[in-house]
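Breakdown of the fold
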Amino acid sequence: MQVTLLPVLSDNYIFLLTDLSQKIAAVVDPALAEPVLRKLQEMGASLVTIFNTHHHSDHVGGNEELIKHFPNVRVYGGAEDKGRIPGQQVFLEEGELVEFAGRVGEVFFVPGHTRAHIAYYFSPTTPGETGDLFCGDTLFAGGCGRLFEGTPAQMLNSLSKLRALPDNTRVWCAHEYTLGNLQFALTIDGNNPDLQARFADVKAVRSRSEVTIPSLLGVEKRTNPFLRWEQPALQSAANSQESVQTFARIRAMKDRF
Ligand code: ZN
Ligand code: FE
């Protein structure tokens, strides 16, 4: 399985998963159809699956047009998103397994950004290979999604599940927010040398207009404030020793940043 990243809209990424030996593809969160169709044509592949993480239009906007071109495509989304994802046929719950080109993906129910949000984790098939996490707007590189339909406690629980995955997991998040996220992170965790180094690195990458995705989960654990609610620096920034309160206060500060 190969992952191709398609930048669309102002800062969204669509992920195209392909198996060119079988000429098949799956797409994660097609905000738009046209760039996906163009890439599929270029690769000579046909679309077999749409994996949606949540119902927002910048993640499902291309569904209907893609279904028109590929009437047999299977459309996956979270069970709780029933009625909100165009063309949805499969209603996934926590722990269910999906498959693409011999890779097995586990479904995580990760409410917080929306009440129905799910993430897909494709575990490595051979030792030495890395896992791939498609987490939509739940975990971002250096940040996390806004809480539109969920509580801080729900989001903390959702991020705890993702944080438990192996450090070498590639994190394919749906927006290029990394630089701004790290700018915020520095305001509350500025003495963290891993964060300082990552910021310098990402700044250089963005100044060349290159993408910062995927990131690695191990890097997120060391530098992303929204995975670090137990760390003394963040507890003191939030003026709380309690995890949910620390998380909630950091999220609120980010909303105002
Ligand atoms: Zn969203
Ligand atoms: Fe989004």
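Keep in mind the model is a prediction, meaning the values are calculated, not measured.

**Details of the pattern of salt bridges**
Following the criterion strictly, the structure yields 17 salt bridges and no others. Residue Arg170 pairs with Asp132 through a salt bridge whose shortest N-O separation is 2.8 Å. A residue pair is termed long-range when its members are at least 10 positions apart, and Arg170 in strand β13 (residues 170–173) and Asp132 in strand β10 (residues 132–136) qualify at 38 residues. The salt bridge partner of Glu230 is Arg163, with a shortest N-O separation of 3.0 Å. Of this pair, Glu230 sits in the loop between α7 (217–223) and α8 (232–238) while Arg163 sits in helix α4 (residues 152–163), and the two are 67 residues apart along the sequence. Residue Glu230 is classed as partly exposed on the basis of its relative accessible area, which comes to 40%. When salt bridges with common partners are traced through the structure, they connect Asp81, Arg84 and Glu149 into a single cluster.

**Observations regarding the sheet that holds strand β9 (residues 118–122)**
Strand order in the open sheet formed by six strands is β7-β8-β9-β10-β13-β14, with mixed pairing between adjacent strands. Edge positions in the sheet fall to β7 (97–100) and β14 (215–216), since each of these pairs with one other strand and no more. As paired elements, strand β8 (residues 103–109) and β9 share five bridges and run antiparallel to each other. In the sheet register, Gly105 faces β9, and the bridge partner there is Phe122. The strands touched by α4 within the sheet are β8, β9 and β10, with β8 carrying the most contacts at an inclination of about 155°.

**Focus on the packing of helix α5 (residues 178–189) against helix α6 (residues 193–207)**
Between α5 and α6, the least distance of the axes is 10 Å, while the angle of their chain directions is 155°. One finds that α5 runs roughly antiparallel with respect to α6. Taken as a pair, α5 and α6 cross one another with a handedness that is left-handed. Side by side, α5 and α6 meet where Thr178, Leu179, Leu182, Gln183, Ala185, Leu186 and Asp189 of the first sit next to Leu195, Gln196, Arg198, Phe199, Val202, Lys203 and Arg206 of the second.

Cut-offs applied
Residues numbered from 1 in each chain as written. Chains lettered and ligands numbered in written order. Predicted model: local features only at pLDDT ≥ 70, side-chain atom pairs only at ≥ 80, totals over all residues. Heavy atoms only, no water. Salt bridge = Lys/Arg side-chain N within 4 Å of Asp/Glu carboxyl O. Helix = DSSP H or I, 4+ residues; strand = E, 2+ residues; numbered from the N terminus. Buried < 20%, exposed > 50% of the residue type's maximum accessible area, 1.4 Å probe, protein only. Pairing = 2+ DSSP bridges. Contact = heavy atoms within 4.5 Å. Axes fitted to C-alpha atoms, helices over the stretch in contact; angles between N-to-C directions. Parallel < 35°, antiparallel > 145°, perpendicular 65-115°, else oblique. Left-handed = near helix turned anticlockwise from the far one by under 90°.

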